[in-house]
Amino acid sequence: MLSVTIGRGVIPQTDLLSSTSKKDSSNVDKSKYKLVGPGDVVYNKMRAWQGAAGGSNYRGIVSPAYVVMSPREALTEYMHYVVRTPQFAKEAERWSYGITSDQWSLRPEHFKMIRFPLPPIEEQAAIVKYLAHANARIDKAISAKRRLISLLAEQNTSTLRALIVGEEYPGARKSSGLHWVGGLPADWEVRKLRSLFARQGSGTTPSGEGYYGGGRPWIMSGDLNDAHVSSSARTVTTLALEEVSSLREHPAGSLVIAMYGATIGRTGILEMSASTNQACSVLSDPKSDVNVAFVQLAMLVGRPALQELGAGGGQPNVNAEKIAQFRIPLPPLTEQKRIVREYQAVAAGVDLIRERLSARSCSSRSSAHDSSRTW
């Protein structure tokens, strides 16, 4: 079985299924499926206008929803590049028919009406050779930049850990009693999260008429990304807050910690008052010697240790009590603020480099056609 993808052209269906969540939806009876040979050009009738076309390196079969063409006066490699250009997709859209876009179809007789640029064979070969060379260089550059970005991320993580455990702090050190921390400066404390905030709460998923869409922010664990939370995609009504006893708004400045599944340990600092669902633990009203941004950074370093406390099979979770009992290093307040400033400066620099590298990668890719890696 072969598939024709927008991103990669013609690939074995097993490659597609192994890299996505898609399932094999082909018919058990393959008698009406079409044969594809190496050198054929294949396109998806319903998605040609989106770029689902390409040349094949494989011998296999495709569903009847695909059209198979054999180039007569053109190199297949050349046609592969041509049918993967935005210009061809635009032309395929012009020749497709259907009531709505999800029903547009490029029939074989209309495909044959499309005019293609067709230089001499020698020129086609030169174009193919150039594009293959250009794409190889671009891919090599992108790979190097990805490695650099990965190294920057590792450096960022290493810097954060060094700051949170006070590795470069002068003076005597002591044991923290935490396996994920090790030693700490002698004048630092180890405190439970419960002792750092005056209140701990959670929330619920309200069930009832008129409870959603009222403009009052309602946070789920998936909304947390270890940063500030300034908005919410989901809202509840004032009525929900009044009638659902386990639903309450938490003040701006509260630290939200995810308790369920793959998001365990993710955090967010509320920039506005908000309620949450039951998968979030919310710590509010920090004590006078606590900087919430520092606690968030400490939780980022301590997340693996918190996840170790998770119970359950395929959907592990930690409860509010385990969150409350979780211990973190806590330097004096002035040091907490200094550490936050220093880390934010380092992280901003890393983010800027990452953005520049990503922008250059996209710019380089746009300078040569994005062929699939099939050829």
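Residues numbered from 1 in each chain as written. Predicted model: local features only at pLDDT ≥ 70, side-chain atom pairs only at ≥ 80, totals over all residues. Heavy atoms only, no water.

The secondary structure content of the chain amounts to nine helices and 19 strands. A principal-axis box enclosing the C-alpha atoms of the chain has dimensions of 80 × 55 × 35 Å. When each of the 375 residues of the chain is scored for burial, the buried share is 43%. Long-range contacts, defined as pairs at least 24 residues apart, comprise 69% of the intrachain contacts of the chain with a sequence gap of at least 6. (Helix = DSSP H or I, 4+ residues; strand = E, 2+ residues; numbered from the N terminus. Buried < 20%, exposed > 50% of the residue type's maximum accessible area, 1.4 Å probe, protein only. Contact = heavy atoms within 4.5 Å.)

A few words now on the sheet that holds strand E15 (residues 255–258). Read across the open sheet, the five strands follow the order E11-E18-E15-E16-E13; overall the sheet is mixed. In this open sheet, the two edge strands, each paired with only one partner strand, are strand E11 (197–201) and strand E13 (227–229). Looking at each pair of strands side by side, their axes are set apart by 30° on average, direction ignored. One ladder, built from four bridges, connects E11 with strand E18 (residues 280–286); its direction is antiparallel. Considered in E18, the bridge of Phe-197 is made with Pro-286. Contacting E11, E13, E15, strand E16 (267–270) and E18, helix H7 (residues 292–308) runs over the sheet at an angle of about 160° to E16. (Pairing = 2+ DSSP bridges. Axes fitted to C-alpha atoms, helices over the stretch in contact; angles between N-to-C directions.)

Counting across every chain of the model gives eight aromatic pairs. Between Tyr-43 and Phe-111 the ring centres are 4.9 Å apart and the planes differ by 20°, which places this aromatic pair in the stacked class. Of this pair, Tyr-43 sits in strand E4 (residues 41–44) while Phe-111 sits in helix H4 (residues 108–111), and the two are 68 residues apart along the sequence. Among the residues examined, Phe-111 registers a relative accessible area of 8% and is labelled buried. An angle of 70° between the planes, with centres 4.9 Å apart, marks the rings of Trp-49 and Trp-104 as edge-to-face. With a gap of 55 residues between them, Trp-49 in the loop between E4 and strand E5 (53–55) and Trp-104 in the loop between helix H3 (86–95) and H4 connect regions that are remote in the sequence. If you follow Lys-30 out to its NZ or CZ, it ends over the ring of Tyr-33, 5.8 Å from the centre. (Phe/Tyr/Trp six-rings, centres within 6.5 Å; stacked < 30°, edge-to-face > 60°. Lys NZ or Arg CZ within 6 Å of the ring centre and 35° of its normal.)

For the structure shown, the criterion picks out ten salt bridges. Across the pair Arg-303 and Asp-226 runs a salt bridge whose closest N-O atoms are separated by 2.5 Å. In this pair, Arg-303 sits in helix H7 while Asp-226 sits in the loop between strand E12 (212–219) and E13, placing the two residues 77 residues apart along the sequence. Residue classification places Arg-303 among the buried residues on the basis of a relative accessible area of 17%. Note on Asp-226: relative accessible area 26%, which makes it partly exposed. One salt bridge in this structure joins Glu-335 and Arg-338, with 2.9 Å as the shortest N-O distance. With Glu-335 and Arg-338 both in helix H9 (residues 333–366) and three residues apart, the pair spans about one turn of that helix. Owing to a relative accessible area of 14%, Glu-335 belongs among the buried residues under this scheme. Residue Arg-338 is classed as partly exposed on the basis of its relative accessible area of 29%. Via salt bridges that share partners, Glu-189, Arg-191 and Asp-289 belong to a single interconnected network. (Salt bridge = Lys/Arg side-chain N within 4 Å of Asp/Glu carboxyl O.)

Moving on, we get to the sheet that holds strand E14 (residues 235–236). In any sheet, the strands associate via hydrogen bonds between backbone groups, in a parallel or an antiparallel arrangement. Pairing is mixed across the open sheet formed by three strands, whose spatial order is E14-E12-E17. Of all strands in the sheet, those bounded by a partner on one side alone are E14 and strand E17 (275–276). As paired elements, E12 and E14 share three bridges and run antiparallel to each other. What sits directly across from Pro-217, in E14, is Thr-235.

A separate point is the pairing of E16. Burial along E16 is two-sided: the residues Thr-267 and Ile-269 and Gly-268 and Leu-270 are all buried. Note: E13 against E16, three bridges, orientation parallel. Each residue of the ladder has a partner; that of Val-229, found in E16, is Leu-270. When E15 meets E16, the two strands line up antiparallel, connected through three bridges. Bridged to Leu-255 within E16 is Ile-269.

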